[in-house]
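Residues per chain are reported as follows:
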Amino acid sequence: MDKGNFSGSAQITDEGIKKHFKSYESIQAIYEIVWNGLDAKANNVDIKVIYNPLGGLDHVTILDDGEGIDIDNIEDKFGKFNESSKRHDDDKHGSHGKGRLAFHKLGDVAVWYTRRGQRHVKITIRSDEIKKYKGSDIAEAEQHVLLKAYDAGTCVELHNCSNRNLPENDDLADSLGTEFGWFLALNSTKKIRLNGKEIKTPEHDINEANFEIDGYKFAAKIIRWNEKPSSEKSYNYLIHKDFRTVRKELSKFNNKFKFYITTFVFSRWVDNYIPDILELDQRAIDQRKIYNKLMYHLQDLQREVHKTFLRNYVDNEINKYDEKGYFPSYKNLDHKYAEWRKNNTKSVLRDIYIADPIIFNRLNERQAKILIRLLDAVLVSNENNSLFDVLDGVLDLDEENISLLANQLEKVTFENIVSTIETLQKREAAVSKIKEIMANRYDEVLETPDLQKIIESNTWLFGPQYTILGAEEDDFTSIAKKLRDSIRGIDDITDSDIEEGSKLEGARKQVDLFLARKMATYNFANEPVYKCVVLEIKRPSVSLNKKHLHQLDEYAEIIAKHTAFSSNRMNFELILVGRKISKDDHQIKSRLGNLKHSGEYGLVSDGDDRIKCYVKDWFTIFDEFELSNKYLLENLNTRLEDFSDQPTGEMVEDLQLKTA
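Being a predicted model, the structure only gives us computed values, none of them experimental. (Residues numbered from 1 in each chain as written. Predicted model: local features only at pLDDT ≥ 70, side-chain atom pairs only at ≥ 80, totals over all residues. Heavy atoms only, no water.)

Colleague: Describe in detail helix α9 (residues 365–379), supporting the description with residues and values.
Modeller: If you check α9, its first and last C-alpha atoms are 21 Å apart, about what 15 residues at 1.5 Å a residue would give, namely 21 Å. The N-capping residue of α9, defined by a side-chain oxygen 3.1 Å from the backbone nitrogen of Arg366, is Asn364. (Helix = DSSP H or I, 4+ residues; strand = E, 2+ residues; numbered from the N terminus. Expected span 1.5 Å × (residues − 1). Polar contact = N/O pair within 3.5 Å; in protein donor to acceptor, adjacent residues only side chain to side chain.)

Colleague: Help me get a handle on the pattern of salt bridges, residues and values and all.
Modeller: This model, assessed by the stated rule, comprises 25 salt bridges. Its salt-bridge partner being Arg350, residue Asp315 comes within 2.5 Å of it at the nearest N-O pair. Highlighted residues: Asp315 in helix α6 (residues 282–323) and Arg350 in helix α7 (residues 335–355), separated in sequence by 35 residues. Classification of Arg350 as partly exposed rests on a relative accessible area of 27%. Lys346 is the salt-bridge partner of Asp322, the closest N and O atoms lying 2.8 Å from each other. With a gap of 24 residues between them, Asp322 in helix α6 and Lys346 in helix α7 connect regions that are remote in the sequence. (Salt bridge = Lys/Arg side-chain N within 4 Å of Asp/Glu carboxyl O. Buried < 20%, exposed > 50% of the residue type's maximum accessible area, 1.4 Å probe, protein only.)

Colleague: Residue-level account of the pairing of strand β6 (residues 132–137), with values.
Modeller: Bridge count between strand β1 (residues 5–9) and β6: 5 bridges; the pairing is antiparallel. Within the sheet, the bridge partner assigned to Asn5 lies in β6 and is Ser136. Note that strand β5 (residues 119–126) and β6 share 4 bridges and pair antiparallel. Paired with Lys122 across the two strands is Ser136, which belongs to β6. (Pairing = 2+ DSSP bridges.)

Colleague: Hey, could you go over empty space enclosed by the protein for me, with residue numbers and the actual values?
Modeller: The tally for this structure, following the rule as stated, stands at 8 cavities of 30 Å³ or more. Lining of the largest cavity is provided by 13 residues; of these, Ile490, Glu536, Gln551, Leu552 and Tyr555 occupy positions nearest its centre. Going through the elements one at a time, β16 (528–537), α15 (546–561) and β18 (570–578) are the ones with two or more residues in the lining of the largest cavity. Per-element tally for the lining of the largest cavity: the top contributor is α15, with 4 residues. Across the lining of the largest cavity, the residue classes break down as 8 nonpolar, 2 polar and 3 charged. (1 Å grid on protein atoms, 1.4 Å probe; cavity = no way out; pocket = protein on both sides within 12 Å on 5 of 7 lines; lining within 4 Å. Points joined across faces, edges and corners; volume = space filled by probe spheres on them. Nonpolar A, V, L, I, M, F, W, Y, C, P; charged D, E, K, R; others polar.)

Colleague: Describe the nonpolar core, and please don't skip the residues or the numbers.
Modeller: The biggest cluster of nonpolar side chains holds 57 residues, and the ones touching the most others in it are Ile47 and Ile123. Setting aside residues no more than four positions away along its own chain, Ile123 makes contact with Phe6, Ile69, Ile71, Ile74, Phe78, Ala110, Val111, Trp112, Tyr133, Lys134 and Gly135. Counting residues in hydrophobic clusters, the runner-up holds 31 residues, among them Ala429, Ile437, Leu451 and Trp460. (Core = buried A, V, L, I, M, F, W, Y, C linked by side-chain atoms within 4.5 Å. Contact = heavy atoms within 4.5 Å.)

Colleague: Quick one: what's the story with the packing of α15 against helix α16 (residues 587–594), residue by residue and with numbers?
Modeller: At a closest axis distance of 8 Å, the pairing of α15 and α16 adopts a crossing angle of 60°. The pairing of α15 with α16 is recorded here as oblique in orientation. Across the interface between the two elements, Lys546, Leu549, His550 and Asp553 of α15 pack against Gln587, Ile588 and Arg591 of α16. Its residues assigned to classes, the contact of α15 with α16 comprises 2 nonpolar, 2 polar and 3 charged. (Axes fitted to C-alpha atoms, helices over the stretch in contact; angles between N-to-C directions. Parallel < 35°, antiparallel > 145°, perpendicular 65-115°, else oblique.)

Colleague: Can you explain the pairing of β16? Please cite residues and give values.
Modeller: When you tally the buried positions in β16, you get 8 out of 10 residues, the bulk of the element. The sheet contact formed by strand β15 (residues 513–522) and β16 spans 10 bridges and is antiparallel. Among the inter-strand pairings, Lys518 is bridged to a residue of β16, identified as Cys532.

Colleague: Tell me what's going on with the packing of aromatic side chains, and back it up with residues and numbers.
Modeller: Aromatic rings in a pair are described by how distant their centres are and how their planes are angled relative to each other. Here the structure, examined in full by the defined rule, presents 21 aromatic pairs. On the numbers, 5.8 Å between centres and 55° between planes, the contact of Phe218 with Trp269 is tilted. Here the residue Phe218 occupies a position in strand β11 (residues 216–225), and Trp269 occupies one in helix α5 (residues 268–271), the gap between them amounting to 51 residues. Just as Phe218 is buried, Trp269 falls in that class too. A ring pair is formed by Phe257 and Tyr313, whose centres lie 5.5 Å apart and whose planes are at 75°; its orientation type is edge-to-face. Of this pair, Phe257 sits in the loop between β13 (245–250) and β14 (260–266) while Tyr313 sits in helix α6, and the two are 56 residues apart along the sequence. We note that Phe257, like Tyr313, is buried. (Phe/Tyr/Trp six-rings, centres within 6.5 Å; stacked < 30°, edge-to-face > 60°.)

Colleague: How would you summarise unusual backbone geometry if you had to cite specific residues and measurements?
Modeller: Its identity is not glycine, yet Lys41 carries a phi of approximately 70°, on the positive side. In this structure, Lys41 sits in the loop between α2 (27–39) and β2 (44–51). Of note in the backbone geometry, Asp214 takes a positive phi value of approximately 50° without being a glycine. Position of Asp214 relative to the elements: it lies in the loop between β10 (204–213) and β11.

Colleague: Lay out the packing of α2 against helix α4 (residues 169–186) with the relevant residues and their values.
Modeller: The axes of two packed helices give the description: the angle between them and the distance between them. Look at α2 against α4: their axes get within 11 Å of each other, and the N-to-C directions meet at 35°. The element α2 and its partner α4 pack so that their crossing is right-handed. Every residue of α4 that contacts α2 at Ile27, Ile30, Tyr31, Val34, Trp35 and Leu38 is listed here: Leu172, Ser175, Leu176, Glu179, Phe180, Trp182 and Phe183. Residues of the contact of α2 with α4, tallied by class, amount to 11 nonpolar, 1 polar and 1 charged. (Left-handed = near helix turned anticlockwise from the far one by under 90°.)

Colleague: Residue-level account of the sheet that holds β14, with values.
Modeller: For sheets, the rule is that strands pair by backbone hydrogen bonds, running either parallel or antiparallel. Within the open sheet, the 5 strands sit side by side as β10-β11-β14-β12-β13. Their pairing is mixed. Each edge of the sheet is formed by a strand with only one pairing partner; in this case those strands are β10 and β13. When the angles between neighbouring strand axes are averaged without regard to direction, this sheet yields 20°. As paired elements, strand β12 (residues 235–239) and β13 share 5 bridges and run antiparallel to each other. Bridged to Asn236 within β13 is Glu249.

Colleague: Now, about the sheet that holds strand β4 (residues 109–116): what can you tell me, with residues and values included?
Modeller: The sheet built from 9 strands is open, its strands ordered β1-β6-β5-β4-β7-β3-β2-β8-β9 with mixed pairing. The strands lining the two open edges of the sheet, one partner per strand, are β1 and β9 (197–198). The pairing of strand β3 (residues 57–64) with strand β7 (residues 153–159) spans 5 bridges and is classified as antiparallel. Pairing of Val60 across the sheet is with Leu158, part of β7. Contacting β2, β3, β7 and β8 (191–194), α2 crosses the sheet at an angle of about 15° to β3. Of the strands in this sheet, β2 and β8 are in contact with α4, which crosses β8 at around 170°.

Treat this as a map of the structure, not an account of what it does.
As structure tokens, this is what we get:
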């Protein structure tokens, strides 16, 4: 093109151009101009954002020290839109002739000052006639002041930028780092500055690998970003020794949860790679074989990086769940068992999370807490196989993750067996100690808190459904205790109540124990209800008789009539426990016999659908435990210690530890 004035027009309408940029934000206009400078082999790009005295955006200047615009081929740069001037320009972000026109998202007028060799040129485009460009050669003295120090380069000025939604400086710097970080990480000699401050590469880690394919040595650099680059997908780049992109291909690890990578490959083989070689050429066949092997090897490397990232990410998320209290408190469990149980739940949760991370990412705090606690409950049940069936049906698992999850659940099943044996042995020892106290030392344990804590730590004695009763709920316990204390003569003791061999005076020094708990559960119809358990344990010197039975009936009647307990969603179990049932009593034994068909030992009243009453004595409770676990206990052949010489205080401390 001759020197002087020149002009031209893009091969598309103004409306067509602006429609193409409809989804662009104002900041992307800066991105495109910066990329144009980097595509022109610039080592330095300086961005200046200038504000007016009122704080509004005035204009933007973007300077690069690249090759400058090739005015002799201006039609290739300014006369084409969305088509490449060259094939295989994979390293050219602006090669499709459209990026320069994104300026209208930020300013009304764009002016390009460029210098290439001895030629100085100015080109102007207005947003109201965006398809047209006008240019002219200018004298060196008329060149933009910022370009005068360079032998080549381009300076773009965007004017009339007011009322544009451009981020503040710090946010703008972060956005530029996200957009160009991968490029800056690869090209350490390249610099981008915003208002004089260098743009830093976003947080990342680098994994490097050296390997050999068919006698050729390769070096791969996999950069994993903490945040997704704003426009750059995960690509594999073949990089020439002069840092030119020979070929790029989308990684197979796009769309992975929070996993963003850019992979660069260097090799003498890459330096000699020929993109345009004919497919039938023998060299093309050999080249394709190595290329395919290279891509498969990169997949393996990236898979390991992904596994490491996901394990670390999930571990951090699970630790956050723990800190936020998503896991059960286990405060009523033995410390070692509680620790194992939480770690067990974490282990399975980790495998499920790794198998399909999006599931947990979509849960709010309440949903995550419910799911974790349900998982915790299932893992100590006998439903592990069912859990795997559910997960296999819901999660989108590949063969590798199915195998991993199945192996983990199998491991959990084995650990549950070991834990069950350990728990059973602990319970057998606890029964022996409580039996020793109830048979021979009940008069030595007079402190109510001591006995109460023993009962609270071993609620499983009264049946498997009472294995874990929730923490004390003040309002419920307070009301239940007041109603209990309102029963006439509830704490009175007469000679007829005293067991043979006991003294009335000694019995009066002891007190009855009272526990009340309310916990959320489900009834037989799988409806959510509150299960309310009230436990009344008579002092060991008292034999249970009809008076106590009538008091239990009266208590049930009071509860049924009380407003606070009138909800149909509240089910009550009232349990009366004594050291023995009086040998002279007839009514308790008669009630037990009449309701034996229910299959619920100790049931003496079930007339109300919401309220059931039970009477149990300690020695039958001990026998029930031994009979229900007879087979396992006999096969374990546990050698119990002789507790007869153990000090009572030490025995009490042991029993106050949760046995699960």
